[in-house]
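What follows is the residue order along each chain.
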Amino acid sequence: MSEITPAEWTAILLSLRVAIIATLVATPFGIALAWLLARRDFWGKSVLDAVVHLPLVLPPVVTGYLLLLTFGKRGLVGGFLADYLGIVFAFRWTGAALACGVMSFPLLVRPIRLSIEAIDRRLEQAAETLGAAPWKVFATVTLPLALPGVLAGMVLGFAKAIGEFGATITFVSNIPGETQTISSAIYSLIQTPDGDAAAGRLVIISIVLALGALIAAEWFARRATARLHGN
Amino acid sequence: MLKVDVQKQLGEFALQASFASEGRVTGLFGASGAGKTSLVNMIAGLLRPDRGTIVIDGDVVDDTAKGIHVPTYRRRIGYVFQDARLFPHLNVAQNLDYGRRMNGLAADPAQQSRIVDLLDIGALLDRRPGKLSGGERQRVALGRALLAKPRLLLLDEPLGALDEARKLEILPYLVRLRDEANVPMVYVSHDVAELRQLATQIVMLRQGQVTSFGGVKVLA
């Protein structure tokens, strides 16, 4: 195993950028949705829950294709965004971030939802009797107590985003420097006659990143338990 | 001053209570299942009456006929629960300061140290609730409710989760509160001895109905 080449660095840095942006943008939506699923009863809740989990079970190529139809230049949403706001997803790194965000969303939402469900609602009642309006109760009690779950969700979502392959390559293709993430770089390298060494290096980096994320998520989960017990 | 005239159906259980209290400590007495907690939750705004009115300090907080229901956080009440319900992610000092922050009140160090001294919790300020004993937790919960400067303090069996020794540890603090804190209280209990020591007026509840109302002698 020799040095990491500049081309490989490009893929690694692009993967990190795509996964970080995808996670940061998805997190507020994830918190809102997790809260909705944990705390509210409304018509169509089970359908919404299923839709959120859909990317987990759908073939990634299908999710990617649906993204292409929706957010491509001629897509319903993509056309509007391109014409009026100048935001283009197709064949751009932003599209890769969108694909990763959608694919990792179920993993992001789940720990947040669980940690919100685990919060003793009587604490929120106590906050209300002390004069806290509902949004203040959320900001000062619910969210801080759910924070370890939020961080765990972000770590898991990030790990999933960095490994995403099927939806990304379908939606934004495999363009070096623009949409070629670690996964699609490995895919290209193992189809090249002497790409084995380079593929091997990227494989090891993938394993290290994924393992690190899982260990971090576990650590946050343990912190969550300690926090809820007031230690 | 507190005026309550409410009806509430809770499954099979019908609660109907009407009383007006001027006393410093109104004791709500009754066996468990008599509807005491439901009644206090209605005064707090956590539970909405089916019919009736609740007036705190001349301020109508519930009037079903006029569609008035002031939400809990705007009632300016304090509530001490049987389980202290301290915020586990905040230390004691932050718990004590919570109500002041939420109500946007100016810092009042004099009042703060008065209450901390009254309840003997000065040594606990840096601790997390998880590191407190049951009695300490309940004293902090009392302080937290008082420092929000409520116009009415609701106490729902605040000694209920404590053993005899702890009860005797807390009771003197409650007596001091009654005599020094200047906040009217509603004190829920099924313990005659406790109410004899604390209450100035008694509302007796049985199976959701007020059966007697008057001075402490109605407990006899």
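Throughout, residues of each chain are indexed from 1 in the direction in which the sequence is written. Numbering of ligands from 1 and lettering of chains from A proceed in the order in which they are written. For this predicted model, a pLDDT threshold of at least 70 governs which residues receive local features, and a threshold of 80 or more governs which side-chain atom pairs are given and counted, while totals over whole chains, interfaces and linings are taken from all residues. Each side-chain value is derived from all of the structure's non-hydrogen atoms; neither hydrogens nor water enter the calculation.

**Section: the overall build of chain B**
A count of helical and extended segments in chain B gives six helices and 11 strands. In terms of overall dimensions, chain B has a C-alpha envelope of 45 × 40 × 30 Å along the principal axes. Counting across all 220 residues of chain B, residues that qualify as buried make up 53%. In what follows, residue pairs with any heavy atoms lying within 4.5 Å of each other are defined as contacts. Taking contacts inside chain B between residues at least 6 apart in sequence as the whole, the part at least 24 apart equals 67%. For chain B, the exposed surface amounts to about 9500 Å²; the carbon and sulfur share of it is 47%. Only DSSP runs of H or I covering at least 4 residues are called helices, and only runs of E covering at least 2 are called strands; the numbering of each starts at the N terminus. Partly exposed residues are those whose accessible area sits between 20% and 50% of the maximum for their type, while under 20% is buried and over 50% is exposed, using a 1.4 Å probe and protein chains only. Note on areas: Shrake-Rupley, 1.4 Å probe, and residue coverage restricted to the protein chains presented here.

**A closer look at the interface of chain B and chain A**
With 24 residues of chain B in contact, the opposing surface of chain A contributes 22 residues. Surface buried jointly by chain B and chain A totals about 2100 Å² across both partners, of which 63% is contributed by carbon and sulfur atoms. For this analysis, a salt bridge means a side-chain nitrogen from Lys or Arg found within 4 Å of a carboxyl oxygen belonging to Asp or Glu. The interface formed by chain B and chain A holds one salt bridge in total. Its salt-bridge partner being arginine 122 of chain A, residue aspartate 83 of chain B comes within 2.8 Å of it at the nearest N-O pair. Between N or O atoms, a polar contact is any pair within 3.5 Å; within protein, one atom must be a potential hydrogen donor and the other a potential acceptor, and residues adjacent in sequence are included only when both atoms are from side chains. Seen at the junction of chain B and chain A, the total is seven residue pairs in polar contact (both at pLDDT 80 or more). At the level of elements, strand S7 (77-80), helix H2 (92-102) and helix H4 (134-147) of chain B are the ones that each hand at least two residues to the side of chain B that touches chain A. The element that contributes the greatest number of residues to the side of chain B that touches chain A is H2 of chain B, accounting for four residues. Defined in terms of a 1.4 Å probe, buried area is the accessible area two parts forfeit on being brought together, summed over both.

**Remarks on the pairing of strand S9 (residues 185-189) of chain B**
Residues and elements named next belong to chain B. When you tally the buried positions in S9, you get five out of five residues, the bulk of the element. Because side chains alternate across S9, one face comprises the buried residues Met185, Tyr187 and Ser189, and the other comprises Val186 and Val188, equally buried. Strands qualify as paired when DSSP identifies two bridges or more between them. Note that strand S3 (residues 25-29) and S9 share five bridges and pair parallel. Across the sheet, leucine 28 pairs through a bridge with valine 188, a residue of S9. The definition of a right-handed crossover adopted here requires that, viewed with the strands pointing away, the path from the first strand over the helix to the second runs clockwise. For the handedness criterion, the β-α-β arrangement of strand S8 (residues 152-156), helix H5 (residues 164-180) and S9 is classed as right-handed.

**Concerning helix H1 (residues 6-39) of chain A**
By this rule, a helix spans an expected 1.5 Å times one less than how many residues it contains. Taking 1.5 Å per residue as the helical rise, H1 of chain A with its 34 residues ought to reach 50 Å, and the 48 Å between its terminal C-alpha atoms agrees with that figure. What is called the bend at a residue is the angle between a pair of axes, fitted to the seven residues leading up to and ending at it and to the seven starting from it. Bending of H1 of chain A peaks at approximately 35 degrees at the position of threonine 27 of chain A, with proline proline 28 of chain A no more than four residues after it.

**Considering the side chain of threonine 142 of chain A**
Mapped onto the elements of the fold, threonine 142 of chain A is located in helix H7 (residues 134-163). Excluding residues that lie within four positions of it along the chain, threonine 142 of chain A makes contacts with Arg39, Ile116, Ile119, Glu124 and Val137 of chain A.

**Some words on the environment of leucine 16 of chain A**
All names here are of chain A. Within the secondary structure layout, leucine 16 lies in helix H1. Residue classification places leucine 16 among the partly exposed residues on the basis of a relative accessible area of 26%. Remark: the alpha-carbon pair of leucine 16 and aspartate 194, spanning 178 residues in sequence, is separated by 26 Å. Setting aside residues no more than four positions away along its own chain, leucine 16 makes contact with Phe158 and Ile162.

**Quick look at the confidence of the model for chain B**
The quantity called pLDDT is the predictor's confidence in a given residue, expressed from 0 to 100. Looking at chain B, the pLDDT average stands at 91 and 100% of residues meet or exceed 70. Mean pLDDT values over the elements of chain B span from 84, in strand S11 (residues 209-214) of chain B, up to 96, in H2 of chain B.

**Let's talk about the side chain of serine 115 of chain A**
Residues and elements named next belong to chain A. Structurally, serine 115 can be placed in helix H5 (residues 93-117). Relative accessible area serves as the criterion here: at 10%, serine 115 is assigned to the buried category. Within polar-contact distance, the side chain of serine 115 engages the backbone oxygen of alanine 146 at 3.5 Å. Beyond its immediate stretch of four places on either side in the chain, serine 115 contacts Ala146 and Gly149.

**Focus on a nonpolar patch on the surface**
Residues Val61, Val62, Tyr65, Leu66 and Leu69 of chain A make up a contiguous nonpolar surface patch of about 440 Å² in total accessible area. Judged by relative accessible area, which is 47%, leucine 69 of chain A ranks as partly exposed. Two joining distances apply to patches: 9 Å for like charges and 5 Å for nonpolar side chains (Val, Leu, Ile, Met, Phe, Trp, Tyr), and every residue must have over 30% relative accessible area and no salt bridge.

**What to know about empty space enclosed by the protein**
Think of a ball as big as a water molecule: rolled over the atoms, this probe shows where empty space is left. Residue and element names in this part refer to chain B. Think of a 1 Å grid over the protein atoms and nothing else: a 1.4 Å probe that fits but is trapped marks a cavity, an open set flanked by protein within 12 Å on at least five of seven lines marks a pocket, and residues with an atom within 4 Å of a point count as lining. Grid points are joined across faces, edges and corners, and a volume is the space filled by probe spheres set on the points. If you walk through the whole model with that rule in mind, you get three cavities of 30 Å³ or more. Of the pockets and cavities examined, the largest cavity occupies roughly 80 Å³. Around the largest cavity, the lining comprises 13 residues; the ones closest to its centre are Met1, Leu2, Ser21, Leu152 and Pro184. Considering only residue class, the lining of the largest cavity consists of seven nonpolar, three polar and three charged. Three classes are used: nonpolar for Ala, Val, Leu, Ile, Met, Phe, Trp, Tyr, Cys and Pro, charged for Asp, Glu, Lys and Arg, and polar for all others, with Gly counted as polar.

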